[in-house]
Amino acid sequence: MKYDFAKIEPKWQKKWRDEKTFAAVTGGSKPKFYGLVEFPYPSGQGLHVGHARPYTAMDVVCRKKRMDGYNVLFPIGYDAFGLPTENYAIKNHIHPAKVTHDNIDHFRQQLQALGYSFDYDREVNTTDPAYYKWTQWIFLQLWKKGLAYKATMPVNWCTSCKCVLANEEVVEGVCERCGSPVIRKEKSQWMLKITQYADRLIDDLDGLDFIERVKIQQKNWIGRSEGAEIDFQATNGDTLTVYTTRCDTLFGVTYMVMSPEHAYLKKWKDQIKNWDEVEAYQAEAARKSDFERSELNKDKTGVRLEGIEAVNPATGKQVPIFVSDYVLMGYGTGIVMGVPGHDQRDWDFATKFGLPIIEVVKGGDITKEAFILKDDTGIMVNSGFLNGMTVKQAIPAMKQHVQEAGYGRSKTNFKLRDWVFSRQRYWGEPIPMVKCDKCGWVPLPEDQLPLLLPDVESYELTDDGESPLSKMTDWVNTTCPCCGGPAKRETDTMPQWAGSSWYFLRYMDPNNDKAIASKEAMDYWSPVDWYNGGMEHTTLHLLYSRFWHKFLYDIGAVPTKEPYAKRTSHGMILGEGGEKMSKSRGNVVNPDDVIAAYGADTMRTYIMFIGDFEKAAAWSDNAVKGCKRFLDRVWNLAEQAKDGEGYSAANESAIHKAIKKVSDDIDAMKFNTAIATLMALVNDFYANGCTKGDYQVLLQLLNPFAPHMTEELWETLGFAAKEGKMACQMAWPAYDESKTLSATATIAVQVGGKLRGTVEVPADSDNAAIEAAAKAVPNVQKFLTGMEVIKTIHVPGKLVNFIVKPGK
RNA sequence: GCCGGAGUGGCGGAAUUGGUAGACGCCCGGGACUUAAAAUCCUGUGUUCCAAAAGAACGUGCCGGUUCGACUCCGGUCUCCGGCACCA
């Protein structure tokens with residue numbers, strides 16, 4: 001009997017498909033389990049090994065959950081809107097819908113070839129009008145609640161994609177997707193008020209079972225900071241409001257700075273004596289890219305405004321006002337109070353411009369650098385009524401003071417900005433809004449959804465930075481749903497993140513044409529019990545979808561506050577040698593090739609055995625062969641299995657231990673050690689011989705990892721006939737804690753903390769017997785000779801340690 | 001700079017309420033089978049000392065501490081990876 005995986009694997013895949021073995025049924029008496037993986041973008045390259053790791057992991061988890069008696073929903077779909085498809089369509093003159101359709105077929109075939117137990121009947125496709133109807137519907141609800149708005153503002157513009165980007169999509173000044181420079185551009189954009197949910201997006205993390213680094217990264221990204229706003233009066237009568245987290249240092253203010261974009265500058269044009277200089281500085285700042293402007297450690301630059309000064313409300317003293325690009329318009333108020341004694345940026349600026357530096361917290365040497373507290377031990381000086389207080393005392397005291405004096409108030413700020421939601425591209429969901437000269441922006445009535453993406457003659461980008469849809473005059477020109485007059489459709493489309501912000505809800509009820517999903521289905525399946533995905537989505541998809549879900553909860557459209565109960569994340573698969581896989585390095589591993597050479601079961605087993613699931617791991621062809629060898633050994637063992645029900649005496653303890661270990665390891669995502677345990681068990685079976693009873697449980701434990709070959713062996717050895725079901729339909733094996741213990745225990749024997757030997761004793765020996773046996777070990781005796789045992793440390797089942805001193 | 005994470009054999013990695021460091025696998029050496037090779041099976045494999053065995057010393061980035069006993073705890077320090085970055 002040969003292990004012919006090329007024949008076996010398609011056989012079982014077909015059976016699972018035909019019999020709908022893994023179809024999820026809403027309702028029933030079993031507890032439910034909703035396992036989710038991030039749906040793929042169906043690119044032309046097909047599935048890569050980076051998909052196989054998280055997909056195999058959740059497949060293993062879900063297969064085990066079914067055997068644990070859960071009603072499991074494990075769905076898959078395609079996140080198919082997006083630029084690569086559009087670019088491919090432009091280049092090859094094929095409709096993006098056709099490209100998408102072909103790519104999806106290829107992906108599905110690859111996913112099935114890996115034996116994933118998805119419920120393929122629940123597939124979703126974000127580009128399907130029946131799907132994006134509801135993406136558009138959610139947008140309209142956001143608009144109705146005032147959470148979607150159109151605003152003209154400087155936005156991130158990718159010079160290569162010719163399209164705006166959300167802040168989350170800009171990484172170190174370049175486009176997250178293509179790496180091209182990002183510049184600032186004034187543009188009218190649809191925005192979503194994610195900032196309105198900033199507090200809840202942070203606070204509600206506490207109740208979630210997310211891995212810690214995800215929580216921390218989201219918190220840092222949202223960037224909540226508690227501080228105060230303080231009003232300074234300008235000598236021309238205007239008010240300069242600043243935001244600060246260190247209101248205790250108000251007495252140390254020696255100057256003010258405003259951002260070059262601040263509206264006051266224009267307003268003050270006639271009062272600023274050196275306006276030419278200021279204007280030139282503004283122009284220079286505007287010319288700089290984001291990247292140049294935020295470059296680290298660069299010299300501080302700026303211009304002092306002549307003719308206007310500010311008055312420190314705490315001291316009544318006048319201080320100069322500067323304009324400098326180290327102050328950002330998008331955070332706080334765009335004006336900052338300069339406290340050079342206790343802020344390094346202010347210290348650098350003051351030093352460069354020869355401004356006074358006042359010490360208001362004792363403890364550092366402000367002639368050398370700003371003194372920034374590491375703890376709250378510093379004592380206030382030169383600060384009027386704050387003198388003598390610690391910083392910790394001074395902050396609330398000052399907050400209270402400014403409040404009472406009427407020139408300040410407590411204030412919380414966030415780094416998070418509203419979400420730039422429109423894209424000037426074709427292959428996305430049309431935004432269902434109409435602009436009427438009389439009525440302004442008018443939403444499309446819900447009964448007109450979906451607003452179909454029209455066919456265009458050309459997907460080529462326009463030179464003016466508008467969507468290709470803008471050239472479709474027949475489509476653009478419409479009537480106002482409100483007044484019936486002439487109106488124009490919005491021609492921007494939604495970003496790729498739109499469809500993925502709610503797809504997990506659609507899986508619960510994928511064909512519903514009355515709602516995103518039925519209440520019944522959502523009540524039953526919500527929330528997602530376990531969601532595994534990449535760290536790269538932490539501040540993008542994962543944050544966006546939490547925001548949308550919270551909004552949907554607020555309007556009563558979903559039953560839970562949070563979409564995902566548990567979030568885990570996997571490490572990247574690197575190429576052989578530890579380098580990132582890339583076409584240019586020529587180290588890309590194609591899963592199809594691995595399946596052809598070794599079979600899907602080997603691919604699955606290896607990708608789980610490769611290393612710690614949460615850490616990056618390098619591919620190794622040799623290690624793949626090792627996993628194939630392991631499966632071969634399992635296969636060949638079948639012929640050696642002797643008749644016999646139940647577990648053989650020789651293997652019983654090892655089997656109980658293995659069940660326990662494999663069960664715990666799968667639940668804890670320690671897949672590599674689960675497989676190591678199975679390898680060791682197989683080694684035991686070869687050494688001790690095994691019965692069919694032993695072998696049967698091995699097949700069950702291995703089934704989640706290597707579902708095809710175990711199913712084949714299950715059938716061949718008659719277990720299918722005996723049990724009346726497939727291996728994957730069996731109950732997960734149980735273990736007996738008392739039987740995980742061996743009959744004998746190996747005890748380590750130490751003298752003075754150093755290992756001097758081991759002793760094998762019956763597991764039920766008493767301490768005295770073990771210690772006597774330990775002393776009798778020849779090498780131990782050697783080290784006890786001429787010594788007096790002053791203390792014996794006995795760790796039951798583990799070790800005996802004799803503490804000695806020179807003596808008798 | 002700030003926030004996370006990680007440093008263990010030739011390699012991937014195991015082991016933490018402190019208790020036999022190196023499970024499992026890869027690579028490599030020796031042997032069996034074979035005309036031969038592949039495959040398979042058996043066997044060895046942290047370093048050093050010793051002809052070898054027995055055994056000993058050393059060994060989890062580095063320095064120090066606590067302890068009968070430290071990969072694990074504490075203090076300090078270096079390096080690497082990921083995220084954020086003039087956020088006032």
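Got a sec to walk through the overall build of chain A? Specific residues and values, please.
Summing up its helical and strand segments, chain A has 26 helices and 32 strands in all. Along the first, second and third principal axes, the C-alpha set of chain A runs to 100 × 90 × 50 Å. Out of the 808 residues in chain A, the part that is buried amounts to 53%. For chain A, restricting intrachain contacts to residue pairs at least 6 apart in sequence, the fraction spanning at least 24 positions comes to 72%. About 34800 Å² of surface is accessible on chain A, with carbon and sulfur atoms providing 51% of the total. For chain A, the distance from the average position of its 97 positive side-chain charges to the average position of its 104 negative side-chain charges is 2 Å.

Give a detailed account of the sheet that holds strand β25 (residues 530-533), specifying residues and quantitative values.
Taken in spatial order, the 5 strands of this open sheet run β2-β1-β25-β26-β10, and their pairing is parallel. This sheet does not close on itself; its edge strands, each paired only once, are β2 (71-73) and β10 (209-210). Sheet topology places β25 next to strand β26 (residues 566-569); 3 bridges connect them, and they run parallel. Each bridged residue has a counterpart across the sheet, and for Asn532 the counterpart in β26 is Thr568.

Give a detailed account of the packing of helix α7 (residues 212-222) against helix α16 (residues 541-554), specifying residues and quantitative values.
Across the interface, α7 lies against α16 with an axial gap of 11 Å and an inter-helix angle of 75°. For the element pair α7 / α16, the angle class is roughly perpendicular. Counted together, Val214, Gln218, Trp221 and Ile222 of α7 and Leu542, Leu543 and Arg546 of α16 form the full contact between these two elements. The residue inventory of the contact of α7 with α16, partitioned by class, reads 5 nonpolar, 1 polar and 1 charged.

Account for unusual backbone geometry, naming residues and giving values.
In this structure, Pro450 follows Leu449 across a cis peptide bond, with omega equal to 0°. Tracing the backbone through its elements, the reader meets Pro450 in the loop between β22 (440-443) and α13 (473-476). Here Ser526 and Pro527 are connected by a cis peptide whose omega angle stands at -10°. Take Pro527: it is sitting in the loop between α15 (519-525) and β25.

Can you tell me about the pairing of strand β21 (residues 433-436), naming the residues and giving the values?
Across 4 bridges, the pairing between β21 and β22 is antiparallel. Across the sheet, residue Met433 finds its bridge partner in β22, namely Pro443. Where β21 folds back on β22, the antiparallel hairpin that results is connected by 3 residues. Relative to strand β24 (residues 486-489), β21 runs antiparallel, the two being bridged by 3 bridges. Bridged to Lys435 within β24 is Lys488.

Outline the nonpolar core, supporting the account with residue identities and numerical values.
In terms of nonpolar packing, the biggest core is built from 87 residues, with Trp619, Phe671, Tyr695 and Phe705 touching the most fellow members. Among the elements that line this core, the one with the most residues is helix α2 (residues 49-67), at 9 residues.

Account for the pattern of salt bridges, naming residues and giving values.
Enumeration over the complete set of coordinates arrives at 44 salt bridges. Among the ionic pairs, Asp59 bridges to Arg63, the shortest N-O distance being 3.0 Å. With Asp59 and Arg63 both in helix α2, this residue pair falls 4 residues apart, about one helical turn. An identical accessibility class is assigned to Asp59 and Arg63; each is buried.

Talk me through the pairing of strand β31 (residues 787-795); I want residue IDs and the actual numbers.
The pairing of β31 with strand β32 (residues 799-806) spans 8 bridges and is classified as antiparallel. Opposite Glu788, over in β32, you have Lys805 as the bridge partner. Hairpin connection from β31 to β32: 3 residues lie between these consecutive antiparallel strands, with Gly797 at a positive phi of about 75°.

Which residues make up the packing of aromatic side chains, and what are the values?
Scanning all chains against the criterion turns up 42 aromatic pairs. Taking 5.0 Å as the distance between ring centres and 70° as the angle between the ring planes, the aromatic pair formed by Trp190 and Trp441 counts as edge-to-face. Within this pair, whereas Trp190 is found in strand β9 (residues 182-192), its partner Trp441 is found in strand β22, the two being separated by 251 residues in sequence. In this structure Trp441 comes out as partly exposed when scored by relative accessible area, which is 24%. A ring pair is formed by Tyr606 and Trp619, whose centres lie 4.9 Å apart and whose planes are at 85°; its orientation type is edge-to-face. Separated by 13 residues along the polypeptide, Tyr606 in helix α18 (residues 600-609) and Trp619 in the loop between β28 (617-618) and α19 (621-640) bring together distant segments of the chain. For the pair Tyr606 and Trp619, one class covers both residues: buried.

How would you summarise α2 if you had to cite specific residues and measurements?
A turn of α-helix holds 3.6 residues, and therefore any two residues three or four places apart point the same way. Taking 1.5 Å per residue, 19 residues should reach 27 Å; α2 reaches 27 Å between its end C-alpha atoms and fits that length. Looking at the residues trailing α2, positive phi occurs at Gly69, about 100°.

If you had to explain the sheet that holds strand β30 (residues 754-762) to someone new, which residues and values would you point to?
On the basis of which strands lie adjacent, the open sheet formed by 4 strands has the order β30-β29-β32-β31 and mixed pairing. Edge positions in the sheet fall to β30 and β31, since each has one partner strand and no second. The mean inter-strand angle of the sheet, taken between neighbouring strand axes irrespective of direction, is 20°.

Can you explain the packing of α18 against α19? Please cite residues and give values.
Interhelical geometry of α18 versus α19 gives an angle of 120° and a closest axis separation of 9 Å. Looking at the two axes, α18 sits oblique to α19. Crossing of α18 over α19 shows right-handed handedness. In this structure, α18 contributes Asp601, Thr602, Thr605, Tyr606 and Phe609 to the contact, and α19 contributes Ala623, Val624, Cys627, Lys628, Phe630 and Leu631. Split into classes, the residues belonging to the contact of α18 with α19 amount to 7 nonpolar, 2 polar and 2 charged.

Explain the state of the cysteines residue by residue, including any values.
In a disulfide, the sulfur atoms of two cysteines are held together by a covalent bond. Enumeration over the complete set of coordinates arrives at 0 disulfides. With no disulfide of its own, Cys158 has Cys178 as its nearest cysteine by sulfur position, at a separation of 3.6 Å. This cysteine, Cys436, is not joined by any disulfide, and Cys483 carries the nearest cysteine sulfur, 3.6 Å off.

Describe the environment of Trp268, with residues and values.
Counting through the fold element by element, Trp268 comes out in the loop between α8 (263-267) and α9 (275-287). Between the C-alpha atom of Trp268 and that of Lys300, which follows or precedes it by 32 residues, the distance is 23 Å. Ignoring any residue separated from it by four or fewer positions in sequence, one finds Trp268 in contact with Ala234, Asn236, Asp238, Leu240, Met258, Leu305, Ile308 and Ile321. In terms of polar contacts, Trp268 uses its side chain to reach the side chain of Asp238, at 2.7 Å.

Kindly report on helix α22 (residues 692-702), identifying the contributing residues and their values.
Across the 11 residues that make up α22, a large majority, 10, are buried. Burial in α22 covers these residues: Gly693, Asp694, Tyr695, Gln696, Val697, Leu698, Leu699, Gln700, Leu701 and Leu702. Of the surrounding secondary structure, the elements contacted by the buried residues of α22 are α19, α20 (652-667), α21 (671-688), α23 (707-716) and α24 (719-723).

Describe the side chain of Thr333, with residues and values.
Of note, Thr333 is situated in the loop between β15 (318-323) and β16 (335-338). Given a relative accessible area of 18%, Thr333 falls into the buried group. Of the polar contacts made by the side chain of Thr333, one reaches the backbone oxygen of Thr241; its length is 2.6 Å. Leaving out residues up to four positions away in the same chain, Thr333 has contacts with Glu229, Thr241, Val242, Tyr243 and His262.

Scoring rules and cut-offs
Residues numbered from 1 in each chain as written. Chains lettered and ligands numbered in written order. Predicted model: local features only at pLDDT ≥ 70, side-chain atom pairs only at ≥ 80, totals over all residues. Heavy atoms only, no water. Helix = DSSP H or I, 4+ residues; strand = E, 2+ residues; numbered from the N terminus. Buried < 20%, exposed > 50% of the residue type's maximum accessible area, 1.4 Å probe, protein only. Contact = heavy atoms within 4.5 Å. Areas by Shrake-Rupley, 256 points an atom, 1.4 Å probe, with all protein chains shown as cover. Lys, Arg positive; Asp, Glu negative; His and termini not counted. Charge placed at Lys NZ, Arg CZ, Asp CG, Glu CD. Pairing = 2+ DSSP bridges. Axes fitted to C-alpha atoms, helices over the stretch in contact; angles between N-to-C directions. Parallel < 35°, antiparallel > 145°, perpendicular 65-115°, else oblique. Nonpolar A, V, L, I, M, F, W, Y, C, P; charged D, E, K, R; others polar. Core = buried A, V, L, I, M, F, W, Y, C linked by side-chain atoms within 4.5 Å. Salt bridge = Lys/Arg side-chain N within 4 Å of Asp/Glu carboxyl O. Phe/Tyr/Trp six-rings, centres within 6.5 Å; stacked < 30°, edge-to-face > 60°. Expected span 1.5 Å × (residues − 1). Left-handed = near helix turned anticlockwise from the far one by under 90°. Disulfide = S-S within 2.5 Å. Polar contact = N/O pair within 3.5 Å; in protein donor to acceptor, adjacent residues only side chain to side chain.

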